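Remarks on the overall topology
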Amino acid sequence: MRQEAAGADVGARRSDLLRSSWTGADREIADGFLDLVRLPGGSFLMGGDDPDKNVVDGEGPVREVILSPYRLGRTPVTNRQFQQFVEATGYRTGAERIGWSFVFHLFVDEETRKRTQRVRGAPWWCVVEGASWWSPEGPGSTLEDRWLHPVTHVDHMDALAFCSWAGVRLPTEAEWEAGARGGLVQARFPWGDELTPDGVHQCNIWQGTFPTVNTRDDGYIGTSPVATYPPNGYGLHDVAGNVWEWCGDWFTNRHAAERSSNPPGPARGTEKVMRGGSHMCHDSYCNRYRVAARSKNDPDSSSGNLGFRIAADDATG
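The notes below deal with the structure included here. Computed from a predicted structure; not experimentally measured.

With that settled, consider the overall build of the chain. Tallying secondary structure elements over the chain gives seven helices and 15 strands in all. Relative to its 317 residues, the chain shows a buried fraction of 52%. Working note: accessible area of the chain is about 14,100 Å², and carbon and sulfur atoms make up 50% of it.

Along the chain, serine 295 falls in strand β13 (residues 295-297). Each residue touching serine 295, except ones within four places of it in the same chain, is listed here: Trp244, Phe251, Lys272, Val273, Met274 and Arg288.

What follows is about the packing of aromatic side chains. The relative placement of two aromatic rings is captured by the distance of their centres and the angle of their planes. Tallying each qualifying case throughout the model produces 20 aromatic pairs. Grouped by ring-pair contacts, the aromatic residues Trp100, Phe102, Phe104, Phe107, Trp124, Trp125, Trp206, Phe210 and Tyr285 constitute a single cluster. When the ring centre of tryptophan 250 is taken as reference, the NZ or CZ atom of lysine 272 above it lies at 3.9 Å. Its end group placed over the ring of phenylalanine 251, lysine 296 keeps NZ or CZ at 5.2 Å from the ring centre.

Attention shifts here to the layout of surface pockets. For the largest pocket, the calculated volume is near 550 Å³. Contributing to the lining of the largest pocket are 21 residues, with Trp125, Met274, Ser295, Lys296 and Asn297 lying nearest its centre. Secondary structure elements with two or more residues in the lining of the largest pocket: β7 (122-129) and β13.

Let us look at the pattern of salt bridges. Considering all chains together, one arrives at 18 salt bridges under this definition. Between aspartate 313 and arginine 169 there is a salt bridge, with its nearest N and O atoms 2.9 Å apart. Taken together, the positions of aspartate 313 in strand β15 (residues 311-313) and arginine 169 in the loop between α6 (156-166) and α7 (173-181) put the pair 144 residues apart, joining distant regions of the chain. Relative accessible area serves as the criterion here: at 54%, aspartate 313 is assigned to the exposed category. When the shortest N-O distance is used, the salt bridge between arginine 181 and glutamate 177 registers 3.1 Å.

Counting buried positions over the nine residues of α7 gives nine, a clear majority of the element. Residues of α7 that are buried include every one of Glu173, Ala174, Glu175, Trp176, Glu177, Ala178, Gly179, Ala180 and Arg181, and no others. Looking one or two residues beyond α7, the residue adopting positive phi is glycine 182, at roughly 65°.

This brings us to the sheet that holds β13. Here we have four strands laid out as an open sheet, ordered β13-β12-β10-β14, and mixed in their pairing. In the strand order of this sheet, the two ends are held by β13 and β14 (306-308), each with one partner. Ignoring strand direction, the axes of neighbouring strands in this sheet form an average angle of 50°. For strand β12 (residues 272-275) and β13, the ladder comprises three bridges, and the chain directions are antiparallel. Within β13, the position partnered with lysine 272 by the bridge is asparagine 297.

This brings us to the pairing of strand β5 (residues 100-104). Counting buried positions along β5 gives four out of five residues, so the element sits mostly inside the fold. Looking at chain direction, β5 and β7 are connected through five bridges and run antiparallel. In the strand pairing of β7, serine 101 is matched with valine 128.

This brings us to the sheet that holds strand β2 (residues 42-46). With mixed pairing, three strands are arranged side by side in an open sheet as β2-β3-β11. Two strands close off the open sheet at either side, each with one partner strand: β2 and β11 (260-261). Where α7 meets the sheet, it contacts β2 and β3 (63-67), and its direction lies at approximately 90° from that of β2.

Peptide bonds are trans in most cases, and residues, glycine excluded, mostly fall at negative phi. In this structure, the amide linkage connecting glycine 60 to the following residue, proline 61, adopts the cis form with an omega of 0°. Summarising the element assignment, proline 61 is placed in the loop between β2 and β3. Following phenylalanine 210, the chain continues into proline 211 via a peptide bond in cis, with omega recorded as 5°. Despite not being glycine, histidine 153 has its phi angle at roughly 60°, a positive value. Here histidine 153 lies in the loop between β7 and α6. At glutamine 186, a residue that is not glycine, the phi angle is positive and equals roughly 60°. Of note, glutamine 186 is situated in the loop between α7 and β8 (208-209). Judged by its relative accessible area of 29%, glutamine 186 is partly exposed.

Conventions adopted
- Residues numbered from 1 in each chain as written.
- Predicted model: local features only at pLDDT ≥ 70, side-chain atom pairs only at ≥ 80, totals over all residues.
- Heavy atoms only, no water.
- Helix = DSSP H or I, 4+ residues; strand = E, 2+ residues; numbered from the N terminus.
- Buried < 20%, exposed > 50% of the residue type's maximum accessible area, 1.4 Å probe, protein only.
- Areas by Shrake-Rupley, 256 points an atom, 1.4 Å probe, with all protein chains shown as cover.
- Contact = heavy atoms within 4.5 Å.
- Phe/Tyr/Trp six-rings, centres within 6.5 Å; stacked < 30°, edge-to-face > 60°.
- Lys NZ or Arg CZ within 6 Å of the ring centre and 35° of its normal.
- 1 Å grid on protein atoms, 1.4 Å probe; cavity = no way out; pocket = protein on both sides within 12 Å on 5 of 7 lines; lining within 4 Å.
- Points joined across faces, edges and corners; volume = space filled by probe spheres on them.
- Salt bridge = Lys/Arg side-chain N within 4 Å of Asp/Glu carboxyl O.
- Pairing = 2+ DSSP bridges.
- Axes fitted to C-alpha atoms, helices over the stretch in contact; angles between N-to-C directions.

What follows is the structure, given as structure tokens:
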């Protein structure tokens, strides 16, 4: 583990930067950060059997799950919303305390790419000192023009801390998938079975040759503002692509085929579930923007393509 990178001067600079780039309109929008959509619950078919499924991820078997009514965030949590939490509490994320986070290689300069540590098996990830939620590409980068983008560089504990402060929680994996399906039954994507119906992009994922050339056919090379693309049938945005989203469940790739009610996931584990894929997903190596697709990560891991969405019990039930 690296030594903590932030001192009082760095913390003061961060706070000044965050405050100075806010406007009155920013504050008005951020005040509505608990934008939760009420979902009816009931029965749905969880999992998938797509021909291009990732078997080792445990996408199947397809199984009936019954959920109580609940509420789910309309979008992933944004930088504005996370900033409101930080300003209220003084919270420092895991990446800030440790002093580094993972940044995609195309988002740093050549000198940084040459001198930073890379991830074995995934050399497009650079270990960048000073990278954090408020400085996503490391020293010198800011949130300017990105307040409505999903917050990134947050580990699982950071997401839980935000939820605790806001009086909400992370969704279970079953809640996340039921919401992402938007009422469709076993569709590949939240909007249907075609990735780009009538040639129109529905989400922010990679186009081109991963990991070297992104043609930006969907308009973005990195994260995009939330709600850039149309919502699904439940009014939820960004449940495919943009950023991965933490769920509350521990990860397992073994699932019973029998019907279950409000499954909480395993009682223990070593990795947490994340869903939805990200702007880095491409069919050539990671087609996990499909609604049945899933992945996992260490709870203390953070990166430039990982955020979260909030959930809550149904207050009207």
